Structures are given as C-alpha cells and as structure tokens.
Amino acid sequence: MIGKRTSKSAIALVLAGFAASSVVMAQSSGGDPLAEYREMMGDDNPAEFSVMRGEELWTTARGPNNVSLEKCDLGSGPGVTEGVYANLPRYFKDAGRVMDLETRLLHCMETLQGIARADALEQRFGDGAKQSDFEALAAFIAEDSRGLKLSVPLRHKAERKAYALGEQIFFYRAGPHDFACATCHAQSGVRIRLQDLPNLTDAADAQKAYSGWPAYRISQGEVRTMQWRMRDCLRQQRFPELGFGSEASVALITYLAHQADGATMEAPGLKR
Amino acid sequence: MTRTIALAGLIGSAVLLPALALAGPQDISGEARSVMERSFSAKGQAGMDRLEQDEVQQACSRTPDAEPLSMEEEDRLMAREAAAIRYPADDNFAGDWKEGEKIAQYGRGLQFSDDPAARVGGNCYACHQLSKTEVAYGTIGPSLHQYGALRGNDPETVRNTYAKIYNPQATMPCSNMPRFGHKGILTQEQIRHLVALLHDPASPVNAE
C-alpha cells in the first residue's frame, strides 16, 4: 500500500504545474477539452494529489476527540478501505439508514472524531482557496476499489426502499423548466450543446458514467464527488439546494449505483 | 396539432375524469415527496415552492413501470394548457430575429446560483440545432434549421410557432421542452423575437 502511493507521488509532482493551468485551458478550448487534456497529459490524473491528501487525512488524528478515521467502518469493518467503495451505498446498522461514501464519512467525522456537522460540511466542496476533506477522502477510498466490479445488489429492504425512492426522484418533474433527471438522462445518444448525456436508465451508459466518480474535473481543477454531481445537476434543474448526505441524495446515488451494477470501477476518473 | 383540435370536444367531459393519481399498491410517490421536503433547502431564488408540482408535472413524472397516461388524460391536459396560452394583442407576432438569436444562445437564469435580477435566456441551442453557424447545439429536440423555409410563414403557422414556444405541452403531452411562456421564463416579447428567429427569411435559421 505504502509503496504504491509513494511511486505515485513522483507523477503527482510532475503534474503540479499542469493542474494550475487546467482551468484556463478548458475555457479557452473550443473543441473537446478532455481529449486535448489527455493528449497533453497522457493518462496521468491530478486526482492523485487528492488521493495522497485523502490517505493522510484518513490516518491523522483530528477533531475534538483527536482520533483518526481508521476506526471508521465503511462496510467491511473498521479501517478497511480496500474494496469498500465498490459496495456502496449500503445499509449501516449503527446509523439505521442507507449511506453513500460521503454520507458515511460525514457520519464518522461526527461520531468518531466529534466534529460538529456544520463544521464538517463547511468544506464539503473545495473551491481553489479551501480544499475539501470529503473530496480528498473520497478520492483515496475510491482508488482502493479500482478494477473491482461494482456490486450494489439491494439485499437489505432499506436499500430497496432507497432505490425505489431514488427512481421516483429521478423522474420527478418540477420547477420553472419542468425538468427531471429523466429529461436529460433517460434517452440514449443525445447531448446538451456538445456535452454527451449518459442515459442513466441504461446499464451500459450508467456503468460508464458511474464508474469514474469521484473525478478530477478539468474545468474546475478539483476532484468532485457524486454528492457534488447530484447537487449540481439539481441546480441546473432549477431545484432548491440538495442537502449533502440527505435522504434524497443517498436515494439518487443508490438508484444510479444499482443501475450501474457490474461496472468496473475506475475512480477517481478524469472528467471534462 | 390536428389532434388537439379534434379532441377539444372532450374538455366538456373532462370534469368527470378522476383526479390524476399515480396510485397503485406500491405507490411511494407521496413518500418520495416528503423525503424531498426533508432533503432540500431554499437557496437564492430557488425556494422550496419549486418542489411543488402542477398537474402537468405530476402527470409527466411517471416511472417506466407506472401505468402510462391514458389518452383521455393526455387530451384533457393538452386542452387545458392550450386554453391558458396568452397571445400578443392583435395577434401581432412581429419580432427581431437578432434579439431572438441572443435569447436562443443564452442559458443562464433561475438557478439558485443566478442573480435573480439578471436576464433569463431561452437556451434553445441546448436542445436544438438552429442556425448552421452555431455548431455547439444539443439534440434533445429536433433540428429547427430551415424551420420557416420549410413550413412557410402564413399567419396560422406563425401563431402555432408562438404557441409551441409558449407551451409545448399544449400539443405534445409530457414534452421535454420547457413551457417558456406558461411558466414565465420568457416574456411575450422575447417569444416574438424567437418566432422571428424561426420564421424571418433573413434569419440564419432559414439560410441554406
């Protein structure tokens, strides 16, 4: 584990210069920024910075209780990060509810480290000046499921319920534009402007879309998580703000994950 | 279009139809609604009232395994939406295609991150091809290139174009296109500029 990460720090250093200019590049480009970026950078992903920071955050004692997250149970027992992301969201008995990765991390920050919810949520999304612990931790934990098959079989009835609620919300049209997720994501082969829209009701499309999250977003120069993606699509949908870790957010992510079941995980990915 | 007219006679009997419901033994739409109430919060100009559905939105939120809308319900909703369209005084649809092009290009507005005082666009290019010179167009809706050139500009056709932009649900049940006039996204004047964009022979939409 240690060796694997150290070898990556060399790549990360090389990437340092590029990451800073990435925002500018994505904006000035008229063509496909992702393709241009890949041409310049190969498959190196600046998310590696976040992976390293996430690993450090995971093992560092923090919060009023001054403990690390190594006692945090992400589904396979306290401290286990390998393979867990490929089995999320799932029902957690200790919390009595279904949780996705970020919601579970929030739970552990609160219950283990004693960090107040509001304080933890303060930096849920990074914005250049301040980095997000969630984004880094999610990148680190997701990387430990790379190459594994996503398996969210909905064995617990709470998981089936979350899926069913997620499906309802996916098709729920409202707001001034009458948009639902389904308006943009229930047909194959369509796009908005030049951005291809995955049909998230179709297994192959859903797998391709889901397996790369969390992802380094070239246009933003940040790693973004699935919680961020849900909130931001809902912003474009003209809905009010989706709460981080809320039941609706977990329901939507459970719906998407089950649609994508069987995908080979490739997160943290690289997105436009 | 013809269908709407032909079925307009059904409006009379519409009152007798039961209220729209997604009812069924495992109907969890009500619960989904409460979960949403608990999960969202008002931000910027996007208040919690945005989660409330009107009849069309409710009817068009069915999951794939829910019973589809019946023809009668579709017709009743189309007639209702059609009856609510507000046309400009004297049916004057004159507008400026150049203004229309700007409205079609502009996509900002009404998001919680947008300034409520800022102008709101139509973002037609997000879903439609219009002028050939704009290559960054979406494909959720059909191409509108050569729209006027192909359909002609007789008063009835122009009036129907205005109605389509004002409220697509009046002719296409559960259309994915926003109801720009009905929901107050665009003003009557802005819609007239868009009609000009689609019909004016000088508009790039009607260029070869």
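Conventions used here
Residues numbered from 1 in each chain as written. Chains lettered and ligands numbered in written order. Predicted model: local features only at pLDDT ≥ 70, side-chain atom pairs only at ≥ 80, totals over all residues. Heavy atoms only, no water. Helix = DSSP H or I, 4+ residues; strand = E, 2+ residues; numbered from the N terminus. Buried < 20%, exposed > 50% of the residue type's maximum accessible area, 1.4 Å probe, protein only. Contact = heavy atoms within 4.5 Å. Areas by Shrake-Rupley, 256 points an atom, 1.4 Å probe, with all protein chains shown as cover. pLDDT = per-residue confidence, 0-100. Polar contact = N/O pair within 3.5 Å; in protein donor to acceptor, adjacent residues only side chain to side chain. Pairing = 2+ DSSP bridges. Axes fitted to C-alpha atoms, helices over the stretch in contact; angles between N-to-C directions. Buried area = accessible area lost by both parts, 1.4 Å probe. Salt bridge = Lys/Arg side-chain N within 4 Å of Asp/Glu carboxyl O. Nonpolar A, V, L, I, M, F, W, Y, C, P; charged D, E, K, R; others polar. Core = buried A, V, L, I, M, F, W, Y, C linked by side-chain atoms within 4.5 Å.

To continue, consider the overall build of chain B. A count of helical and extended segments in chain B gives 10 helices and one strand. Secondary structure of chain B in N-to-C order comes out as α-α-α-β-α-α-α-α-α-α-α. Classification of the 208 residues of chain B by burial places 45% in the buried group. Taking as baseline every contact in chain B between residues at least 6 positions apart, the subset at least 24 positions apart corresponds to 61%. Per element, the accessible surface of chain B, about 10,500 Å² overall, is 55% carbon and sulfur.

Okay, the confidence of the model for chain A next. Chain-level statistics for chain A give a pLDDT mean of 88 and a share of 86% at 70 or above. Note on residues 1-30 of chain A: pLDDT under 50 across the span, and 43 contacts to partners over four residues away in sequence or across chains.

Let us now look at the side chain of A:Ser246. One can find A:Ser246 in the loop between strand E7 (241-242) and helix H11 (247-259). Here A:Ser246 falls in the buried class, since its relative accessible area comes to 10%. Within the structure, A:Ser246 has its side chain in polar contact with the backbone oxygen of A:Gly243 (distance 2.7 Å). Discounting chain neighbours no more than four positions away, the residues touching A:Ser246 are A:Arg97 and B:Ser39.

All names here are of chain A. Overall, mixed pairing links the three strands, which are arranged E6-E5-E8 in an open sheet. The two strands at the open ends of the sheet, each matched to only one other strand, are strand E6 (222-224) and strand E8 (269-271). On average, each strand axis in the sheet is tilted by 35 degrees relative to the strand beside it, whichever way the strands run.

With 38 residues of chain A at the contact, the number on the chain B side is 54 residues. Both faces considered, chain A and chain B share a buried interface measuring about 4,100 Å² in area, 56% of it formed by carbon and sulfur atoms. Sorting the residues of chain A by area buried against chain B places A:Tyr172, A:Arg173 and A:Arg193 first, and these three jointly supply 20% of that buried surface. Our count for the chain A to chain B interface comes out at four salt bridges. Across the contact surface, chain A and chain B share 25 residue pairs in polar contact (both at pLDDT 80 or more). Sorting elements by how many residues they give to the side of chain A that touches chain B places helix H7 (residues 157-170) of chain A first, with six residues. Looking at the side of chain A that touches chain B residue by residue, the classes come out as 18 nonpolar, nine polar and 11 charged.

Attention now goes to the nonpolar core. Residue and element names in this part refer to chain A. Ranked by size, the top nonpolar core spans 78 residues in total, and within it Trp-58, Tyr-85, Ile-141, Phe-170 and Tyr-210 carry the most contacts. Top element by residues in this core is helix H6 (residues 133-143). It accounts for eight residues. When sequence neighbours within four positions are dropped, the list of residues in contact with Phe-170 reads Ala-180, Cys-181, Ala-182, His-185, Leu-200, Thr-201, Leu-252, Tyr-255 and Leu-256.

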